[in-house]
Amino acid sequence: AQSVTQPDIHITVSEGASLELRCNYSYGATPYLFWYVQSPGQGLQLLLKYFSGDTLVQGIKGFEAEFKRSQSSFNLRKPSVHWSDAAEYFCAVGGRNNNDMRFGAGTRLTVKP
Amino acid sequence: DVKVTQSSRYLVKRTGEKVFLECVQDMDHENMFWYRQDPGLGLRLIYFSYDVKMKEKGDIPEGYSVSREKKERFSLILESASTNQTSMYLCASLQEYKLFFGSGTQLSVL
């Protein structure tokens, strides 16, 4: 069965610093990969998705993610973090028919002034 | 905009009660999902449905059942609520690989 591992439970970065959130997946076929963000008291919002093609995908709010098949990873990056980026971030994996979407445990991001 | 509506934002139930959590989407989506969200565990898939009357178990189906009699409605049922089912429950529907979530139901079982 597919699964997602987010190794970092909590990350703290300074405002303006770069950010990388790690995600490793396990999936028997070609994975469809996603990053979602959940701001405090808010619902989940899709940041970006990868299906095929260019392994570097751009998302909303200045985020990007890189798919590395050899490492089974799909890490999320942002060059310069803003205080409003403080939230919980979830990596997810699904299949072609997307009948089953699995999420990681999440990484909580704190942004220091 | 897609709208996924969960009937209750907060629920308090007693151990042993039968609990129904309702979810309705307004976009004729085929795929719908129930997750529970717990701190440190992320979202865990309970059940999903890919068509009317069709359902599949997710990773943690024990103690839960689901019903999908109409395409727009996907119900989660706790047959006999227990304290370890206290959690935030999230319903979602899927369109073109994007999940649309409801606002969640915080269930407390006392």
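Residues numbered from 1 in each chain as written. Chains lettered and ligands numbered in written order. Predicted model: local features only at pLDDT ≥ 70, side-chain atom pairs only at ≥ 80, totals over all residues. Heavy atoms only, no water.

Student: Could you give an account of the layout of surface pockets, naming the residues involved and the relevant values?
Tutor: The calculated volume of the largest pocket comes to roughly 330 Å³. Forming the boundary of the largest pocket are 20 residues, of which Q38(A), G41(A), Q42(A), Q37(B) and M88(B) lie nearest the centre. Contributions of two or more residues to the lining of the largest pocket are made by strand 10 (87–94) of chain A together with strand 5 (31–38) and strand 10 (87–95) of chain B. Looking at the lining of the largest pocket, its residues break down into six nonpolar, eleven polar and three charged. Quantified by volume, the second largest pocket comes out at close to 220 Å³. Forming the walls of the second largest pocket are Q42(A), G43(A), L44(A), Q45(A), L46(A), I60(A), V2(B), K98(B), L99(B), F100(B), F101(B) and G102(B). (1 Å grid on protein atoms, 1.4 Å probe; cavity = no way out; pocket = protein on both sides within 12 Å on 5 of 7 lines; lining within 4 Å. Points joined across faces, edges and corners; volume = space filled by probe spheres on them. Helix = DSSP H or I, 4+ residues; strand = E, 2+ residues; numbered from the N terminus. Nonpolar A, V, L, I, M, F, W, Y, C, P; charged D, E, K, R; others polar.)

Student: Tell me about the pattern of salt bridges, residues and numbers included.
Tutor: Using the criterion set out here, one finds eleven salt bridges over all chains in the structure. Between R102(A) and D59(B) there is a salt bridge, with its nearest N and O atoms 2.8 Å apart. Taken together, the residues R102(A) in strand 11 (residues 102–103) and D59(B) in the loop between strand 7 (54–57) and strand 8 (64–70) connect one chain to another. Overall, the relative accessible area of 42% leaves D59(B) in the partly exposed class. Taking the shortest distance from any N to any O, the salt bridge between D38(B) and R36(B) comes out at 2.8 Å. D38(B) sits in the buried class, given a relative accessible area of 12%. Classification of R36(B) as buried rests on a relative accessible area of 8%. Linked by salt bridges that have partners in common, E64(A), E66(A) and R77(A) make up one network. (Salt bridge = Lys/Arg side-chain N within 4 Å of Asp/Glu carboxyl O. Buried < 20%, exposed > 50% of the residue type's maximum accessible area, 1.4 Å probe, protein only.)

Student: Go over unusual backbone geometry with me, naming the residues and quoting the values.
Tutor: For S72(A), which is not a glycine, the phi torsion comes out positive at approximately 50 degrees. Along the chain, S72(A) falls in the loop between strand 8 (64–68) and strand 9 (73–78). Overall, S72(A) belongs to the partly exposed group, its relative accessible area being 27%. Of note, the phi angle at D28(B) is positive, near 60 degrees, even though the residue is not glycine. The topology assignment puts D28(B) in the loop between strand 4 (23–25) and strand 5. D28(B) gets classed as exposed once you look at its relative accessible area, which sits at 56%.

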